[in-house]
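Inside the fold
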Amino acid sequence: MQQGKFVTVTAPAGGISAGDGVLVDHLFGVATTTATEGEQLEIATDGVFDLDKDAGASLTAGAPIYWDDTAKVVTITATANLRIGTALEAAALADATGRILITGHAI
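This text gives an overview of the structure that appears in the document.

A look at the overall build of the chain
- Summing up its helical and strand segments, the chain has 0 helices and 9 strands in all.
- Each helix and strand of the chain, ordered N terminal to C terminal, gives the series β-β-β-β-β-β-β-β-β.
- The C-alpha atoms of the chain give a radius of gyration of 13 Å, which matches the 13 Å a tight globule of 107 residues would have.
- Over its C-alpha atoms, taken along the principal directions, the chain stretches across nearly 35 × 30 × 20 Å.
- Here the chain, with 107 residues, has 36% of them falling under the buried criterion.
- Taking the contacts inside the chain whose residues are at least 6 apart along the sequence as the reference set, 49% of them involve residues at least 24 apart.

A short note on the packing of aromatic side chains
- Scanning the model with the defined rule gives 1 aromatic pair in all.
- Relative to Trp67, the ring of Phe28 has its centre 5.0 Å away and its plane inclined at 55 degrees; by these criteria the two rings are tilted. Of this pair, Phe28 sits in strand E3 (residues 27–31) while Trp67 sits in strand E6 (residues 64–68), and the two are 39 residues apart along the sequence. Here Phe28 matches Trp67 in class, with each residue buried.

A few points about a nonpolar patch on the surface
- The grouping of Val48, Leu88 and Leu101 at the surface amounts to a nonpolar patch, some 220 Å² of accessible area in total.
- With respect to the helices and strands, the residue Leu88 is situated in the loop between strand E8 (82–87) and strand E9 (97–102).

Remarks on the nonpolar core
- One finds Phe28, Leu51, Ile65, Val74, Ile84 and Ile100 to be the most contacted residues of the largest nonpolar core, which totals 14 residues.
- Going through the elements one at a time, E3, E6, E8 and E9 are the ones with two or more residues in this core.
- Discounting chain neighbours no more than four positions away, the residues touching Leu51 are Gly19, Gly21, Phe28, Val30, Val74, Ile84, Ala96, Thr97, Gly98 and Ile100.
- Among the nonpolar cores identified, the runner-up in size contains 9 residues, and Ala11, Ile16, Val22 and Ala35 belong to it.

As for the side chain of Asn81
- Relative to the assigned elements, Asn81 resides in the loop between strand E7 (73–75) and E8.
- Its relative accessible area of 15% is what places Asn81 among the buried residues.
- Setting aside anything within four residues of it in sequence, one finds Asn81 in contact with Tyr66, Trp67, Asp68, Asp69 and Thr75.

So, the environment of Thr103
- The residue Thr103 is located in the segment after E9 in this model.
- Along the chain, Thr103 and Arg83 lie 20 residues apart, while their C-alpha atoms are 10.0 Å from each other.
- In contact with Thr103, other than residues within four places in its own chain, are Thr45, Asp46 and Ile84.

What counts and how
Residues numbered from 1 in each chain as written. Predicted model: local features only at pLDDT ≥ 70, side-chain atom pairs only at ≥ 80, totals over all residues. Heavy atoms only, no water. Helix = DSSP H or I, 4+ residues; strand = E, 2+ residues; numbered from the N terminus. Rg over C-alpha atoms; globule rule 2.2 N^0.38 Å. Buried < 20%, exposed > 50% of the residue type's maximum accessible area, 1.4 Å probe, protein only. Contact = heavy atoms within 4.5 Å. Phe/Tyr/Trp six-rings, centres within 6.5 Å; stacked < 30°, edge-to-face > 60°. Patch = residues over 30% accessible without salt bridge, like charges linked within 9 Å, V, L, I, M, F, W, Y side chains within 5 Å. Areas by Shrake-Rupley, 256 points an atom, 1.4 Å probe, with all protein chains shown as cover. Salt bridge = Lys/Arg side-chain N within 4 Å of Asp/Glu carboxyl O. Core = buried A, V, L, I, M, F, W, Y, C linked by side-chain atoms within 4.5 Å.

Next comes the structure, spelled out in structure tokens:
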């Protein structure tokens, strides 16, 4: 058994770089290492991370945050995306990343 703050998953199509978000069905985490497609990959499922942000979105501290799995960015748009956490700080349109508290569950 384990605490679940880090879990092992299979790297998605196209592979993944360390620090990128990873969605496996309804499990969301941040890659701890770089992995090629099909390799085993450890992801962090709980914590605070600076994640690439939708360029068309500004974030408000405390706002619900969603994962756009097509663009591989966090967004404030709920439609067709899964909620992955909460913004901890405001982020302007020009900011490339947002500071996000994730909990591992994508709903």
